[in-house]
Amino acid sequence: MDAYQRFLDFFEMHNKERLDGLDDSYFAAMSPDERARAFEFLLEKVEAGGSEESVHGLFRANAVRATESVKALLESGRLRPRAEIAAAWNLCRTGADVPVLPVFIKGMSSADSEARTNAAYYVPVDPLTDEVKAAFEKMIRTETEQLARIHAVNGLLSGCGVSKESVGKSTFLEIYRGLHSADMRAKQAAFERLDAIRQTMN
């Protein structure tokens, strides 16, 4: 089977068959012509709104061409929520001159739980802006999906420079448990401790 046909066959797979995603192995054996055809195939999907895997695949097929195409689509608001997050993350990686933090912040309050999860996982936190910090805190207060909340907690801790190594295991676990607590007072106390720690680090 040639590499391009294997690529096309991926889109005939369903559910568990697609768990590994459209990884680099699909493109590694392609000729330049096959890669170009794969890029156009994926671009058509992304222009129709896209998906997480079609956006990632586009950058794997040709990151340079994908950057300009996806930047324009992202700015036009034509992408679906999960595709928006994937686009913002890939544009971050390529160093494209496009403001991506608003995309992640928007994603963190999306009605799509997968988009919220991905946004909290991929949003840049170095440096941690006030807007991203506020978005994390809102998610931690209101998020009902466990994985999304875990990513929000981890992102906030990382952005604040708080780890077992930086503050000690006992303090870290107290803050971590507070952020995951169902008690809003415990969450608020954890937020205040994080703010105090950040002030001492700055």
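Whatever comes next refers back to the structure up there.
Structural notes, computed from the coordinates. Residue positions within a chain follow its written sequence, with the count starting from 1. With pLDDT at 70 or above as the cut-off, local features in this predicted model cover only qualifying residues; side-chain atom pairs require 80 or more to be listed or tallied, and sums for whole chains, interfaces and linings still use all residues. Excluded from the side-chain calculations are hydrogens and water; all other atoms, namely the structure's heavy atoms, are used.

Let us now look at the overall build of the chain. Per the convention used, a helix needs a DSSP run of H or I reaching at least four residues, while a strand needs a run of E reaching at least two, with both numbered from the N terminus. Counting its secondary structure elements, the chain contains 13 helices and zero strands. Secondary structure of the chain in N-to-C order comes out as α-α-α-α-α-α-α-α-α-α-α-α-α. Each principal axis of the C-alpha atoms in the chain carries an extent, and together these give about 55 × 35 × 30 Å. In the chain, the proportion of contacts linking residues at least 24 apart, taken out of those at least 6 apart, comes to 52%. With an accessible surface of roughly 10,900 Å², the chain has 49% of that area assigned to carbon and sulfur atoms. When charges are tallied, Lys and Arg are placed among the positive residues and Asp and Glu among the negative ones, while His and the ends of the chain are skipped. A single reference atom marks each charge: NZ on Lys, CZ on Arg, CG on Asp, CD on Glu. Each charge sign in the chain was given a centre, from 26 positive and 31 negative side chains, and these centres are 6 Å apart. Working rule for contacts: check all heavy atoms of both residues, and any pair within 4.5 Å makes them a contact. Only the protein chains shown count as cover for residues, with accessible areas throughout obtained via the Shrake-Rupley method and a probe of 1.4 Å.

Across soluble globular proteins, nonpolar side chains have a tendency to be buried as a group. Definition used in this section: a nonpolar core is a set of buried Ala, Val, Leu, Ile, Met, Phe, Trp, Tyr and Cys residues joined via side-chain atoms within 4.5 Å. Classification of residues uses two cut-offs on accessible area relative to the type maximum, computed with a 1.4 Å probe and protein chains only: under 20% is buried, over 50% is exposed, and between them is partly exposed. Counting 59 residues, the largest nonpolar core has F7, F27, F136, L156 and L179 as its most contacted members. Counting residues per element, this core draws most heavily on helix α6 (residues 81-94), at six residues. The residues touching F136, leaving out its near neighbours within four places in the chain, are M108, A120, V123, V125, L128, H151, A152, G155 and L156.

Turning to helix α8 (residues 113-122), a few remarks are in order. Side chains three or four residues apart in an α-helix point the same way, a direct result of the helix having 3.6 residues per turn. Turning to α8, its buried residues number three or more, namely A115, R116, T117, N118, A119 and A120. Looking at the packing, one finds that the buried side of α8 touches α4 (52-61), α6, α7 (101-107), α9 (130-142) and α10 (146-159). Nitrogen and oxygen atoms within 3.5 Å of one another constitute a polar contact, given that in protein one can donate a hydrogen and the other can accept it, and given that sequence-neighbouring residues count only through two side-chain atoms. The N-cap residue of α8 is D112: its side-chain oxygen and the backbone nitrogen of E114 are 2.9 Å apart.

Relative to the helices and strands, K71 resides in helix α5 (residues 63-76). Of the side chains with opposite charge, E75 lies nearest to the buried K71, which makes no salt bridge, at 4.8 Å. Polar contacts involving the side chain of K71 include one to the main-chain carbonyl oxygen of D97, which spans 3.3 Å. Excluding residues that lie within four positions of it along the chain, K71 makes contacts with A66, L91, D97 and V98. The term salt bridge refers to a pairing of a side-chain nitrogen on Lys or Arg with a carboxyl oxygen on Asp or Glu at a separation within 4 Å.

Here we come to the environment of Y26. Here Y26 shows up in helix α2 (residues 25-28). Here the alpha-carbon distance between Y26 and L8, two residues 18 residues apart in the chain, equals 9.6 Å. When near neighbours in sequence (up to four residues on either side) are disregarded, Y26 contacts A3, R6, F7, F10, M13 and G21.

This next bit is on the packing of α5 against α6. Between two packed helices, the angle of one axis relative to the other and the distance separating the axes together describe the packing. The contact between α5 and α6 brings their axes to 10 Å, and the two run at 135°. The angle between α5 and α6 places the two elements in the oblique class. Every pair of crossing elements has a handedness; the one defined by α5 and α6 is left-handed. For the pair α5 and α6, contact is made by T67, V70, K71 and L74 and by E84, A87, A88, L91 and T94, respectively. Broken down by class, the residue content of the contact of α5 with α6 amounts to five nonpolar, two polar and two charged. For helices, the axis comes from a line fit to the C-alpha atoms of the stretch in contact; other axes are also lines fit to C-alpha atoms, and the angle between any two N-to-C directions lies between 0 and 180 degrees. By the definition adopted for this analysis, an angle is roughly parallel if under 35 degrees, roughly antiparallel if over 145, roughly perpendicular if from 65 to 115, and oblique otherwise. Handedness of a crossing is defined here by the sense of rotation of the near helix relative to the far one, left-handed for an anticlockwise turn of less than a right angle and right-handed for a clockwise turn. Side-chain classes follow a simple rule in which Ala, Val, Leu, Ile, Met, Phe, Trp, Tyr, Cys and Pro form the nonpolar group, Asp, Glu, Lys and Arg form the charged group, and the remainder, Gly included, forms the polar group.

Here the focus is the pattern of salt bridges. Scanning the model with the defined rule gives ten salt bridges in all. A salt bridge links R65 to E40; its shortest N-O distance comes to 2.5 Å. With a gap of 25 residues between them, R65 in helix α5 and E40 in helix α3 (residues 32-47) connect regions that are remote in the sequence. For K133, the salt bridge identified is with E137, shortest N-O distance 2.8 Å. On the criterion of helical spacing, the pair formed by K133 and E137 is a turn pair, its members being four residues apart in helix α9. Using a relative accessible area of 12% as the deciding quantity, one classes K133 as buried. Accessibility expressed as a relative area gives 12% for E137, which makes it buried.

This next bit is on the packing of aromatic side chains. In summary, the pairing rule links any two rings of Phe, Tyr or Trp, Trp by its six-membered ring, whose centres are within 6.5 Å, and it sorts them by plane angle into stacked for under 30 degrees, edge-to-face for over 60 and tilted for everything else. Scanning the model with the defined rule gives ten aromatic pairs in all. An aromatic cluster is built from Y4, F7, F10, F11, Y26, F27 and F41, whose rings are joined through pairwise contacts. Over the face of the ring belonging to Y26 we find R6, whose NZ or CZ atom lies 4.0 Å from the ring centre. Consider the ring centre and the ring normal. A charge sits over the ring if Lys NZ or Arg CZ is within 6 Å of that centre and within 35 degrees of that normal.

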